[in-house]
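# Per-entry structural report
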Amino acid sequence: MNFIERIKELCRLEDLSREDFAEMCGMRYTRINNVLNSRGHIRIDELEQIGNAFPEYKHWIVFGVELPEAGQISPMTKHESGNSH
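Predicted model, so just to flag it, every value in this text is computed and none were measured.

Procedures and definitions
Residues numbered from 1 in each chain as written. Predicted model: local features only at pLDDT ≥ 70, side-chain atom pairs only at ≥ 80, totals over all residues. Heavy atoms only, no water. Salt bridge = Lys/Arg side-chain N within 4 Å of Asp/Glu carboxyl O. Helix = DSSP H or I, 4+ residues; strand = E, 2+ residues; numbered from the N terminus. Buried < 20%, exposed > 50% of the residue type's maximum accessible area, 1.4 Å probe, protein only.

### As for the pattern of salt bridges
Enumeration according to the criterion identifies six salt bridges in this entry. Between Glu14 and Lys78 there is a salt bridge whose closest N-O contact spans 3.9 Å. Of the two residues, Glu14 is situated in the loop between helix H1 (3-13) and helix H2 (18-25) and Lys78 in helix H6 (residues 75-80); the sequence distance between them amounts to 64 residues. Overall, the relative accessible area of 7% leaves Glu14 in the buried class. The salt bridge involving Arg31 is made with Glu46; its shortest N-O contact spans 2.6 Å. Of the two residues, Arg31 is situated in helix H3 (residues 29-36) and Glu46 in helix H4 (residues 44-53); the sequence distance between them amounts to 15 residues. Of the two residues, Arg31 and Glu46, neither departs from the other in class, the shared state being buried. A single network of salt bridges, built from pairs that share partners, joins Arg31, Arg43, Asp45 and Glu46.

As structure tokens, this is what we get:
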């Protein structure tokens, strides 16, 4: 799963529209929509915004792995444990 697929999976599991996701991250909808449709590349500052909006998922979003001992999980782990929303 690549970065874009992880963002889409996060939105699916957290039941977020792209508009909601963009708002939570402090980004314009058109910008995040272009990135998620492979019409643009994510910038470092945008990656930081996404990480700030979802601090427990930062490591998973960027690298695709979890570090549960450091509090870094994926949305799948959150939902499997019953801690959604």
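Past the structure itself, the notes keep going.
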